[in-house]
Amino acid sequence: LRKLEMEYKQNPNYMHYQPHLKWSYRRILLDWVIEVHNRFQLLPETLYLTVNIIDRFLSKKTIMLDKFQLIGASALFIASKYEEINCPTLKEIVYMLNGSYEREDIIEAERYLIDTLEFEIGWPGPMSFLRRISKADEYEYDIRTLAKYLIESTLMDSRFVSAQPSWLAAGSYFLSRVILGYNPWSQKHIYYSGYTQQQLIPLASIILDNCKNAPAHHNAIYEKYSHRRFGSSSQIVTRWIVSTEKKIHDRSELQQ
């Protein structure tokens with residue numbers, strides 16, 4: 001998996017070569033993809049593979065803006081067929097596009113995507129690595145659930161486009177433990193994750209920064225993880241950030 005995550009890596013600067021697209025357009029597209037993913041109640045692996053297919057495709061081909069949503073829908077269709085036992089039908093995908101494209105458009109775009117990626121769809125997403133790291137804490141539910149929110153929050157931020165999924169999983173898990181007040185990163189965590197605390201602290205800081213004013217950065221993800229089903233994870237992170245910043249402010253005033 002560690003070998004494949006490097007082999008199927010995206011170009012972090014691909015947007016420089018897309019004359020008709022911007023990073024802000026990518027955020028809008030992924031917001032839609034996440035809503036459709038939630039509507040169909042698909043696996044987390046499907047979402048991450050969808051985003052990987054989109055980014056890897058755009059690293060190789062330039063497209064017009066009017067085809068961007070079509071690429072997103074086709075990538076979701078491919079990822080669903082790869083990951084799911086019961087995937088959405090072509091009719092359902094067309095329905096979610098609200099008449100913007102026909103079934104033939106999806107089929108043609110699907111062919112084009114697969115040909116461009118040379119049928120290499122087996123990218124290992126962060127969930128595989130998260131499951132392995134969770135062994136260090138006997139699969140503690142609260143830590144893993146909060147880490148899932150932190151990982152998913154990185155999808156919308158262009159700074160994480162080419163980050164290795166193993167690193168994102170480890171950094172999110174590390175930060176989740178800090179927020180929930182668990183013990184420091186042990187040798188067991190280093191063994192299962194492959195990363196030391198020193199390697200993860202810079203990443204954890206960026207993830208935390210990305211979670212400030214979360215509704216503005218990744219609203220669909222924030223709303224999803226605010227539900228009890230996901231342990232109100234997004235709200236826990238927001239409250240922790242506010243509380244920590246207040247403590248830092250109070251300590252600074254005391255020192256003055």
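Procedures and definitions
- Residues numbered from 1 in each chain as written.
- Predicted model: local features only at pLDDT ≥ 70, side-chain atom pairs only at ≥ 80, totals over all residues.
- Heavy atoms only, no water.
- Helix = DSSP H or I, 4+ residues; strand = E, 2+ residues; numbered from the N terminus.
- Buried < 20%, exposed > 50% of the residue type's maximum accessible area, 1.4 Å probe, protein only.
- Polar contact = N/O pair within 3.5 Å; in protein donor to acceptor, adjacent residues only side chain to side chain.
- Contact = heavy atoms within 4.5 Å.
- Salt bridge = Lys/Arg side-chain N within 4 Å of Asp/Glu carboxyl O.

**A closer look at the overall build of the chain**
At step 1: A count of helices and strands for the chain gives 13 helices and zero strands.
At step 2: Traced from its N-terminal end to its C-terminal end, the chain shows the element sequence α-α-α-α-α-α-α-α-α-α-α-α-α.
At step 3: On the principal axes, the C-alpha backbone points of the chain span a range of 65 × 35 × 35 Å.
At step 4: Within the chain, the proportion of its 256 residues that are buried is 49%.

**Points about the side chain of Glu 152**
At step 1: With respect to the secondary-structure elements, Glu 152 resides in helix H8 (residues 141-153).
At step 2: Among the polar contacts made by the side chain of Glu 152, one reaches the side chain of Lys 224 at a distance of 3.0 Å.
At step 3: Contact partners of Glu 152, with chain neighbours within four places excluded, come to Leu 47, Tyr 48, Ile 221, Lys 224 and Tyr 225.

**Let's talk about the pattern of salt bridges**
At step 1: Enumeration over the complete set of coordinates arrives at 10 salt bridges.
At step 2: Note that Arg 177 is salt-bridged to Asp 137, the shortest N-O span being 3.1 Å. With Arg 177 in helix H9 (residues 165-179) and Asp 137 in the loop between helix H7 (126-134) and H8, this pair connects stretches of sequence that are 40 residues apart.
At step 3: For Arg 177, a relative accessible area of 5% puts it in the buried group.
At step 4: With a shortest N-O distance of 3.0 Å, Glu 152 and Lys 224 are connected by a salt bridge. Of this pair, Glu 152 sits in helix H8 while Lys 224 is found in helix H12 (residues 214-224), placing the two residues 72 residues apart along the sequence.
At step 5: Given the relative accessible area of 11%, Lys 224 is considered buried.

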